[in-house]
Amino acid sequence: MPRAALEEILEAARFDPGQTAEIAGNDPVLPIRYRVAAAGSASIAALGLAVSNLSGKPQHVRVNARAAAISLRSAKYLRVNGQPPPPVWDPLSGFYPVRDGWISIHCNFPNHRDAAMGVLGAGHDRPRAEEASRSWQGEALEDAIHAAGGCAGLVRSQEIWSRHAQAKAVAGQALLQIERIGDAPPEVSRNSRPLGGVRVLDLTRVLAGPTCAKSLAEHGADVLKISAAHLPDSGVVDLDTGIGKRSARLDLRNPGESRALQHLIQSAGVFVQSYRPGALAARGFSPEALAQERPGIVCASLSAWGTTGPWRERRGFDSIVQAVSGIAHAHGKGAKPSLLPVSAIDYVSGYLMAFGVCVALARRASEGGSWLVRVALARVGKWIVDRGTVEDYENVPDDLPEAELARLLGEMDAPDGRIRYLKPVLQLSETPPYLARPPVPLGYHQPVWTSS
């Protein structure tokens, strides 16, 4: 199964690596009905093949499916001075009863929480909010929360979702898109690491986009994460996905700070973004505008629902895609739905974005041009579901044995203390990936490129 999944990824990108990757192991690794180890290991192997191609060296590319599976919840293994960081998920997030079933409401960002709770008119009182939700039809509440600026998803079965207009649109989308969006001369980077000398601007949040940029950092890219003080962060997740990066603040509502980002773009090679569709374009940072500002740039853009369908401009998250697409319904116990114990859609999307960026960098080196890579959470979720299910998954242990897990973990010193983290899963024989920088608090650095 991992081999077939890998071939689908390579075909979607029209990428012939000229070599193969070794994937050891298969599902089930964790008590999950879906083949998440196959999806994770295949997407990481694809990235490895693209990185090997950029290195210019014949390499043995290897991925262990067991390690790939636990990488889909990497933040779970983070420790700071031997202790797990405090959770940041809002207790108001989760599944709420409605007249015709259940709805998933995203409350981990304060603005989304306030929008949803405002629709329910229950303040921040979970029991009152659940009592209010019971009086709503699911689709009506879903639409009302989105109209108010929040984010929610009615829990549907896979069969019901397949008849939805957005599901039909998603089914017609490519797993990932890599397209040329401008002209520029070829650019070839020579460095001891495959992505050494490549400057990456990381304007992403939560998991998928940050995982893409972190994956690029594993191979030597100089990644500068750009956030803003007025936007909520993701706590422990930002710490885990921040390993290997520098971090600065810019408020794009401020003309001077917007110009500072434009200045950074002129020296960047890659621009990764995961804001709601149209948000950055409205501030002058669409892929087309970036290609005009910096010919030869590679843009990677993540959306929840893709570029087609009635929900193409809606915000969304891994948990919301699980809810609407039948994953949470199938994984539930009894009548109540349940999320998977890994964020497979987010992480696999991030790995696929990084793979797409590396393929685009290779095309830029050979034929020039500016490039755009697109990935959508809903399409990746469909691809994972399409892998099929496994039997006897319920009897699989909840985690890897301690001795096996210990071999996959590393440590480093960071401003917040001694960090334990999950090391890169991908194995390359000639240019093994590693993370050279410790995670730092958001905004720790100045918004400038440095030579070290």
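Being a predicted model, the structure only gives us computed values, none of them experimental.

Asks: Any chance you could explain the pattern of salt bridges here in plain terms?
Replies: Once their charged atoms are close, side chains differing in charge can pair, the charge on each being opposite to the other. A full pass over the atoms with the stated rule returns 26 salt bridges. Asp222 is the partner of Arg246 in a salt bridge, and the nearest nitrogen-oxygen pair spans 3.7 Å. With a gap of 24 residues between them, Arg246 in strand S10 (residues 245-249) and Asp222 in strand S9 (residues 222-227) connect regions that are remote in the sequence. Overall, the relative accessible area of 11% leaves Asp222 in the buried class.

Asks: Sorry, what's going on with the sheet that holds strand S15 (residues 417-422) here?
Replies: Pairing between the strands of a sheet is mediated by backbone hydrogen bonds and can be parallel or antiparallel. Spatially, S3-S15-S14 is the arrangement adopted by the three strands of the open sheet, whose pairing is antiparallel. In the strand order of this sheet, the two ends are held by strand S3 (79-80) and strand S14 (409-414), each with one partner.

Asks: Just to check I follow, could you spell out the side chain of Asp202 for this structure?
Replies: Looking at the secondary structure, you find Asp202 in strand S8 (residues 199-203). Residue class for Asp202 comes out buried when judged on its relative accessible area of 0%. Reaching out from Asp202, the side chain makes a polar contact with the side chain of Thr204 at a distance of 2.4 Å. Excluding residues within four positions of it along the chain, Asp202 makes contact with Gly209, Pro210, Ala213, Val223, Leu224, Lys225, Ile226, Lys245 and Val272.

Asks: I would appreciate a short explanation of the side chain of Ser370 in the present structure.
Replies: Tracing the backbone through its elements, the reader meets Ser370 in strand S13 (residues 370-376). Apart from residues no more than four positions distant in its own chain, Ser370 is found in contact with Glu179, Arg180, Ile181, Gly182, Ala184, Ala291, Arg294, Pro295, Gly296 and Ile297.

Asks: How do you make sense of the nonpolar core when you look at a structure like this?
Replies: Across soluble globular proteins, you tend to see nonpolar side chains buried next to one another. Grouped together as the largest cluster of nonpolar side chains are 109 residues, with contacts concentrated most on Leu216, Phe355 and Ile384. For this core, the leading source of residues is helix H15 (residues 344-367), giving 14 residues. Setting aside residues no more than four positions away along its own chain, Ile384 makes contact with Tyr34, Val36, Ala39, Ala344, Ile345 and Val348.

Asks: Would you explain the environment of Val359 in this entry?
Replies: One can find Val359 in helix H15. Along the chain, Val359 and Ile178 lie 181 residues apart, while their C-alpha atoms are 8.2 Å from each other. Among all residues touching Val359, those that are not within four sequence positions of it are Phe15, Ala50 and Ile178.

Asks: I'm lost on empty space enclosed by the protein in this one. Help?
Replies: Empty space among the atoms becomes visible once a probe the size of a water molecule is rolled across them. Using the criterion set out here, one finds two cavities of 30 Å³ or more in the structure. If you add up the space inside the largest cavity, you get close to 190 Å³. Lining the largest cavity are 17 residues, with Ser71, Glu218, Tyr351, Pro424 and Val425 sitting closest to its centre. Of all elements in the fold, only helix H2 (36-55), helix H9 (208-217), helix H10 (236-241) and H15 reach the threshold of two or more residues within the lining of the largest cavity. The leading source of residues in the lining of the largest cavity is H9, at three residues. Here the lining of the largest cavity is built from residues that sort into eight nonpolar, five polar and four charged. Around the second largest cavity, the lining is made up of 15 residues, and of these Arg205, Pro232, Asp233, Asp238 and Leu442 lie nearest the centre. Ranked by residues supplied to the lining of the second largest cavity, first place goes to S9 with three residues. Here the lining of the second largest cavity is built from residues that sort into seven nonpolar, three polar and five charged.

Asks: Help me understand the environment of His60 in this model?
Replies: With respect to the helices and strands, His60 occurs in the loop between H2 and strand S2 (61-64). We classify His60 as partly exposed; its relative accessible area is 43%. For the pair His60 and Leu428, spaced 368 residues apart in the sequence, the C-alpha separation amounts to 5.8 Å. Residues within four places of His60 in sequence aside, it is in contact with Glu22, Gln427, Leu428 and Ser429. Here Glu22 takes part through its side chain, which lies 3.0 Å from a polar atom of the side chain of His60.

Asks: What's the story with the state of the cysteines in this structure? I'm lost.
Replies: As used here, a disulfide is simply a covalent bond connecting the sulfur atoms of two cysteines. The tally for this structure, following the rule as stated, stands at zero disulfides. No disulfide involves Cys107; its sulfur sits 9.8 Å from that of Cys151, the nearest cysteine. Accessibility expressed as a relative area gives 1% for Cys107, which makes it buried.

Asks: Explain helix H5 (residues 126-133) to me, please; I cannot follow it from the model alone.
Replies: At 3.6 residues per turn, the α-helix brings residues three or four places apart onto the same side. Taken together, the buried positions of H5 are Arg126, Ala129, Ala132 and Ser133. Buried residues of H5, viewed axially, fall in a sector of 120°; they line one side. Turned more than 90 degrees away from the buried face of H5, the exposed residues are Pro127 and Glu131. The secondary structure elements touched by the buried residues of H5 are strand S4 (94-98), helix H4 (110-120) and helix H6 (138-147). Where H5 begins, one side-chain oxygen reaches toward the backbone nitrogen of Arg128, 3.1 Å away; that side chain belongs to Asp125.

Asks: Would you mind going over helix H13 (residues 318-325) with me for this structure?
Replies: Most of H13 sits inside the fold, with eight of its eight residues counted as buried. Among the residues of H13, those classed as buried are Asp318, Ser319, Ile320, Val321, Gln322, Ala323, Val324 and Ser325. Phi for Gly326, located one or two positions after H13, is positive at around 100°.

Asks: I would appreciate a short explanation of the packing of aromatic side chains in the present structure.
Replies: Taken as a whole and judged by the stated rule, the model has five aromatic pairs. Summarising the aromatic geometry, the rings of Phe15 and Phe355 are spaced 5.9 Å apart at their centres and angled 70° between planes, so their arrangement reads as edge-to-face. Of this pair, Phe15 sits in the loop between helix H1 (2-13) and strand S1 (21-24) while Phe355 sits in helix H15, and the two are 340 residues apart along the sequence. On the basis of relative accessibility, which here comes to 12%, the residue Phe15 falls in the buried class. Residues Phe109 and Phe317 carry aromatic rings whose centres are separated by 6.0 Å and whose planes lie at 80° to one another, so their mutual orientation is edge-to-face. Taken together, the residues Phe109 in the loop between strand S5 (101-105) and H4 and Phe317 in the loop between strand S12 (298-303) and H13 connect sequence positions 208 residues apart. Taking relative accessible area as the criterion, Phe109 reaches 6% and is therefore assigned buried. Accessibility expressed as a relative area gives 13% for Phe317, which makes it buried. An aromatic cluster is present here, built from Trp161, Trp305 and Trp311 joined pairwise through their rings. Above the face of the Tyr96 ring, Arg126 is positioned so that its terminal group lies 4.1 Å from the ring centre. One cation-aromatic arrangement involves Arg205 over Phe109; the distance from NZ or CZ to the ring centre is 4.3 Å.

Cut-offs applied
- Residues numbered from 1 in each chain as written.
- Predicted model: local features only at pLDDT ≥ 70, side-chain atom pairs only at ≥ 80, totals over all residues.
- Heavy atoms only, no water.
- Salt bridge = Lys/Arg side-chain N within 4 Å of Asp/Glu carboxyl O.
- Helix = DSSP H or I, 4+ residues; strand = E, 2+ residues; numbered from the N terminus.
- Buried < 20%, exposed > 50% of the residue type's maximum accessible area, 1.4 Å probe, protein only.
- Pairing = 2+ DSSP bridges.
- Polar contact = N/O pair within 3.5 Å; in protein donor to acceptor, adjacent residues only side chain to side chain.
- Contact = heavy atoms within 4.5 Å.
- Core = buried A, V, L, I, M, F, W, Y, C linked by side-chain atoms within 4.5 Å.
- 1 Å grid on protein atoms, 1.4 Å probe; cavity = no way out; pocket = protein on both sides within 12 Å on 5 of 7 lines; lining within 4 Å.
- Points joined across faces, edges and corners; volume = space filled by probe spheres on them.
- Nonpolar A, V, L, I, M, F, W, Y, C, P; charged D, E, K, R; others polar.
- Disulfide = S-S within 2.5 Å.
- Arc of directions from axis to C-beta.
- Phe/Tyr/Trp six-rings, centres within 6.5 Å; stacked < 30°, edge-to-face > 60°.
- Lys NZ or Arg CZ within 6 Å of the ring centre and 35° of its normal.

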